[in-house]
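Commentary on secondary and tertiary structure
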Amino acid sequence: MSADLESALAALRRGGVIAYPTEAVWGLGCDPRNEEAVLKLLALKQRDPGMGLLLIASTFEQLSPYLGPCPPAALERAQASWPGPHTWILPASAAAPAWITGRHDGIGVRVTAHPVAAELCRRFAGALVSTSANRHGQAPARTQAEVQDSLGTELDAIMPGAIGGLERPTPIRDAISGEIVRS
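Residues numbered from 1 in each chain as written. Predicted model: local features only at pLDDT ≥ 70, side-chain atom pairs only at ≥ 80, totals over all residues. Heavy atoms only, no water.

1. Observations concerning the overall build of the chain
We apply this condition: Helix and strand assignments follow DSSP, with helices taken as H or I runs no shorter than four residues and strands as E runs no shorter than two, numbered in order from the N terminus. This radius of gyration counts C-alpha atoms alone. The globule rule is 2.2 Å times how many residues there are, raised to the power 0.38. Contacts are residue-level and defined by heavy atoms, with any inter-residue pair within 4.5 Å sufficient. Surface exposure here means Shrake-Rupley accessible area, sampled with a 1.4 Å probe, where a residue is shielded only by the protein chains that are shown.
Looking only at helices and strands, the chain features 7 helices and 9 strands. What you see for the chain is a C-alpha radius of gyration of 15 Å, in line with the 16 Å of a compact globule of 183 residues. Based on the C-alpha atoms only, the size of the chain along its principal axes is roughly 45 × 35 × 30 Å. Nonlocal contacts in the chain, meaning residues at least 24 apart in sequence, comprise 68% of its contacts between residues at least 6 apart. As displayed, the chain offers around 8300 Å² of accessible surface, 54% of which is attributable to carbon and sulfur atoms.

What follows is the structure, given as structure tokens:
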């Protein structure tokens with residue numbers, strides 16, 4: 001295991017916030033089960049906690065504890081696009097923390113195919129919060145240098161790597177209605 005991966009995993013396990021490349025932009029992540037870590041991430045982004053946060057995983061099983069009952073057709077629609085750059089809103093389970101769902105009944109989730117993000121989830125053995133690496137309302141970082149310049153001193157680790165080939169952050173769709181929430 002690389003020293004960078006070890007550092008990122010250690011930071012996650014101690015409640016830290018890390019940056020890592022995703023399909024289109026750099027992301028910020030933390031352990032979604034750790035309220036203190038999530039609140040730190042939200043403060044860093046200057047983001048309203050009521051907006052909710054997305055989760056990424058390397059497998060659907062890593063997301064399942066956060067998900068409630070869902071119509072089979074909606075679940076099949078989401079799973080058919082994974083792993084890949086497709087984020088779906090699925091019903092949240094009663095056990096999904098409010099610091100993740102915000103004021104929503106659903107939760108945005110993605111089984112990522114990005115090699116660095118997927119490896120982080122695999123080695124962490126769980127889902128991670130995934131939100132763009134930027135202050136709320138600013139453009140997301142697309143390079144490690146941009147992350148370092150804007151947020152570097154406030155992060156617990158940066159996992160090096162290249163972003164994927166997407167020009168824009170992954171689209172977000174409601175799995176039940178099919179409605180596009182973010183194109």
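2. Quick look at the packing of helix H1 (residues 3–13) against helix H6 (residues 115–124)
The line we're drawing: Working convention: axes come from line fits to C-alpha atoms, limited for helices to the stretch in contact. Angles between N-to-C directions cover 0 to 180 degrees. Reported orientations rely on four angle classes, namely roughly parallel under 35 degrees, roughly antiparallel over 145, roughly perpendicular from 65 to 115, and oblique for the rest. The handedness criterion is simple: a crossing whose near helix is rotated anticlockwise from the far helix by less than a right angle is left-handed, and one whose near helix is rotated clockwise is right-handed. Gly counts as polar in this scheme, as do all residues outside two lists: the nonpolar Ala, Val, Leu, Ile, Met, Phe, Trp, Tyr, Cys and Pro, and the charged Asp, Glu, Lys and Arg.
At a closest axis distance of 10 Å, the pairing of H1 and H6 adopts a crossing angle of 55°. Here H6 runs oblique to H1, going by the angle between their axes. When you trace H1 past H6, the crossing you get is right-handed. In this structure, H1 contributes Leu5, Ala8, Leu9, Leu12 and Arg13 to the contact, and H6 contributes Glu119, Leu120, Arg123 and Phe124. Considered class by class, the residues forming the contact of H1 with H6 number 6 nonpolar, no polar and 3 charged.

3. Let's talk about the sheet that holds strand S4 (residues 87–91)
To keep it simple, the criterion reads: Only strands that DSSP links by at least two bridges are regarded as paired with each other.
Reading across the sheet, the 9 strands line up as S7-S1-S2-S6-S3-S5-S4-S8-S9 and stay open at both edges, with mixed pairing between neighbours. At either margin of the open sheet sits one strand with a lone partner, and together these are strand S7 (157–158) and strand S9 (180–182). Bridge count for strand S3 (residues 54–57) against strand S6 (residues 128–132) is 3 bridges, and the pairing is antiparallel. Bridging across to S6, Leu55 finds its partner in Val129. Contacting strand S2 (26–29) and S6, helix H2 (residues 35–45) crosses the sheet at an angle of about 5° to S6.

4. Focus: the pairing of S4
Threshold: Accessibility here uses a 1.4 Å probe with only protein chains present; expressed as a share of the type maximum, an area under 20% marks a residue as buried, one over 50% as exposed, and anything in between as partly exposed.
For S4, the tally of buried residues reaches 4 of 5 residues, placing the bulk of the element in the interior. Pairing between S4 and strand S8 (residues 172–174): 3 bridges, direction parallel. Note on S8: the bridge partner recorded for Trp88 is Arg173. Pairing between S4 and strand S5 (residues 106–111): 4 bridges, direction antiparallel. By the bridge assignment, Leu90 is partnered in S5 with Ile107.

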